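# Tertiary structure, described
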Amino acid sequence: MSIDSTLISNQKVAVEIKSSAFNIPALILSSHSIVEIKQQLQKKILQAPEFFKNSPLLIELHELTEQQVEIDLRSLIKTLRSLHLIPIAISGATRKQNSIAIELGIAVQTKHILIEPPVVEKIPAVEEVTEKIESIEPLTKTVSEIENKLIMQPVRSGQRIYTKGDLTVLAPVNPGAELIAEGNIHIYAPMRGRALAGVQGNTKSCIFCSDLQAELVSIAGVYRLSEDFDKSLRQKLVQIYLHDQTLLIKKL
Amino acid sequence: MARIIVVTSGKGGVGKTTTSAAVAMGLAKKGHKTVVIDFDVGLRNLDLILGCERRVVYDFVNVIHNESTLNQALIRDKRCGELYILPASQTRDKDALTEEGVGRVLEELSKDFEYIICDSPAGIERGAHLAMYFADDAFIVTNPEVSSVRDSDRMLGILASKSRRAEKGEEPIKEFLLLSRYSPERVKLGEMLSVDDVQEILSLHLLGVVPESKSVLNASNSGIPVILDEQSDAGQAYSDIVARYLGEDKPHRFIDAEKKGLFGKLFRGK
């Protein structure tokens, strides 16, 4: 136990700072044309609208900076937000762009050295940290914005349903279909496809299904194939949950 | 406005073209002006099944690329004046089909015809996609075996999400199930999926069951749609299917094994 925590041990801990790693999609720009970027992004988003909706984004500007091309950061951010993306940080930008970013509440990642001559008067590290913490706020907000989904139509082979919250299905899920949720999954009909709950790592997520015939079930990345299901569980009402990194199936 | 019907399945060899030809002929014989389009560009077959292969001059791809008019490409059936065929090109591939071109041809046909039947190629790629994209109704042709059922299920998912109706948020495509090559005797022996087994996965409106029959192969080889063979069980099954599609109430046949009476046994012994 560290000294700090012993000192405040009789107090209730309100804040804790830990280093944690998020998987955030990076937008690597090789053009400075906002129109072009917007068009190509729209195409990408159309392929998986639910996946990109309110997704945090890191903007990588290395290539442009190396080519000494400066993109209009303000309109880029505006465009991204209009596409329901949430830019949270930029990387590899020029000094001027960095200060614009901070003005816009976007964090600056300065791991890589810029082409510009090194500036003696560096922005104090502390300031940068506070900026970063502030700009993470919108991210946590989107995570807590739970989006539950209710499906009434049969889920056919090859269809894939993703939701950030809980997923409830009132129609059969056929072989080759995939249900993916960051929260729990409930199926009140024959379940013959795949169900993956807690895909962002929530080990408390559960899968409930009234008629277990699934090909595969998974919680927070721990999965089990139908081959390994106990025969007595077939076509039964069950709860699937994680206990000490082990996937358990319990008859209800 | 014409009603656009796609005959599709995902899997190949289940009887899409046989069904397209039979249903088109059935509708035309009931007095509805019908056109049947072969979307299987590069693997043209519909003209053979309908017995007009020697009358093909221009084709669907020519019309799409404005190399001929629609009237030049349409072939009128010699047996039934209400039936027209728009054949596929044998020398091109599916990339010759464009969404804009297919849309334009269908729109033009809609003015003159009551029913447009799109005979889809197998698979879920471009040809199959364009065949179903503009559809109002879908006939899902399925054989009573697991891979066909799964492919049909996949196709149904695509109809529900990738069609024009789905993209525009309109009323979804009406889906009908046609179970073909069905053999009640083999179902009884447990060698074949039953109607109920198939419906457990697909749960669709069953338009009819077409029994496995020698008459289908005979009809195909001689270029006569099997629906014109009124003596055959497959021909009768297709007549029922057309009638049911048009709203007539016909009890389902060919689902259960025929009970062999004394005469049946005697004759079978011969």
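Residues numbered from 1 in each chain as written. Chains lettered and ligands numbered in written order. Predicted model: local features only at pLDDT ≥ 70, side-chain atom pairs only at ≥ 80, totals over all residues. Heavy atoms only, no water.

## As for the overall build of chain A
Tallying secondary structure elements over chain A gives 7 helices and 15 strands in all. The proportion of buried residues among the 252 residues of chain A is 39%. Put simply, 37% of the contacts in chain A that link residues at least 6 apart link residues at least 24 apart. Surface accessibility of chain A: about 15500 Å² in total, with carbon and sulfur atoms responsible for 55%. (Helix = DSSP H or I, 4+ residues; strand = E, 2+ residues; numbered from the N terminus. Buried < 20%, exposed > 50% of the residue type's maximum accessible area, 1.4 Å probe, protein only. Contact = heavy atoms within 4.5 Å. Areas by Shrake-Rupley, 256 points an atom, 1.4 Å probe, with all protein chains shown as cover.)

## With respect to a nonpolar patch on the surface
Residues and elements named next belong to chain A. A cluster of nonpolar residues, Leu150, Met152, Leu170 and Tyr188, forms a patch on the protein surface that exposes about 430 Å² of accessible area. Mapped onto the fold, Tyr188 is located in strand S9 (residues 185-191). A relative accessible area of 48% means that Tyr188 is categorised as partly exposed. (Patch = residues over 30% accessible without salt bridge, like charges linked within 9 Å, V, L, I, M, F, W, Y side chains within 5 Å. Salt bridge = Lys/Arg side-chain N within 4 Å of Asp/Glu carboxyl O.)

## Considerations on the layout of surface pockets
Of the voids in this model, the largest pocket is the one considered here, and its volume is about 1400 Å³. Around the largest pocket, the lining comprises 35 residues; the ones closest to its centre are Gln159 and Arg160 of chain A together with Gly157, Ser161 and Lys162 of chain B. Counting only elements with at least two residues in the lining of the largest pocket, the list comes to helix H2 (34-47), helix H3 (49-52), strand S5 (149-151) and strand S6 (160-163) of chain A together with helix H7 (146-162) and helix H8 (164-168) of chain B. Broken down by element, the residue count for the lining of the largest pocket peaks at 8 residues, all from H7 of chain B. (1 Å grid on protein atoms, 1.4 Å probe; cavity = no way out; pocket = protein on both sides within 12 Å on 5 of 7 lines; lining within 4 Å. Points joined across faces, edges and corners; volume = space filled by probe spheres on them.)

## Concerning the interface of chain A and chain B
Counting residues at the interface gives 8 residues for chain A and 12 residues for chain B. At the boundary of chain A with chain B, total buried surface from both sides reaches about 870 Å², with 40% on carbon and sulfur atoms. Taken together, the connections running from chain A to chain B amount to 3 salt bridges. A salt bridge links Glu215 of chain A to Arg150 of chain B; the shortest N-O distance between them is 3.7 Å. Applying the counting criterion to the chain A and chain B interface returns 7 residue pairs in polar contact (both at pLDDT 80 or more). (Buried area = accessible area lost by both parts, 1.4 Å probe. Polar contact = N/O pair within 3.5 Å; in protein donor to acceptor, adjacent residues only side chain to side chain.)

## Brief notes about the confidence of the model for chain A
Counting all residues, the mean pLDDT for chain A is 80, and 79% of those residues have values of 70 or more. Scored below 50 in pLDDT, residues 1-9 of chain A makes 1 contact in the model with residues more than four places away or belonging to other chains. (pLDDT = per-residue confidence, 0-100.)

## Examining the sheet that holds strand S4 (residues 83-86) of chain B
Residue and element names in this part refer to chain B. Spatially, S3-S4-S2-S5-S1-S6-S7-S8 is the arrangement adopted by the 8 strands of the open sheet, whose pairing is mixed. Among the strands making up the open sheet, the edge pair consists of strand S3 (75-76) and strand S8 (205-211). The pairing of strand S2 (residues 34-38) with strand S5 (residues 115-119) spans 5 bridges and is parallel. From the neighbouring strand, Val35 faces S5, where its bridge partner is Ile116. Where helix H1 (residues 16-29) meets the sheet, it contacts strand S1 (3-8), S2, S4, S5, strand S6 (137-142) and strand S7 (174-182), and its direction lies at approximately 170° from that of S5. Sheet strands in contact with helix H5 (residues 99-112) are S1, S2, S4 and S5, and its direction is about 150° off that of S5. (Pairing = 2+ DSSP bridges. Axes fitted to C-alpha atoms, helices over the stretch in contact; angles between N-to-C directions.)

## Here's the deal with the nonpolar core
Core analysis: the largest hydrophobic core is formed by 53 residues, its most contacted members being Phe39, Phe60, Leu86, Val102, Leu109 and Ile116 of chain B. Val7, Val14, Ile49 and Ala234 of chain B belong to the second-largest nonpolar core, a separate cluster that totals 38 residues. (Core = buried A, V, L, I, M, F, W, Y, C linked by side-chain atoms within 4.5 Å.)

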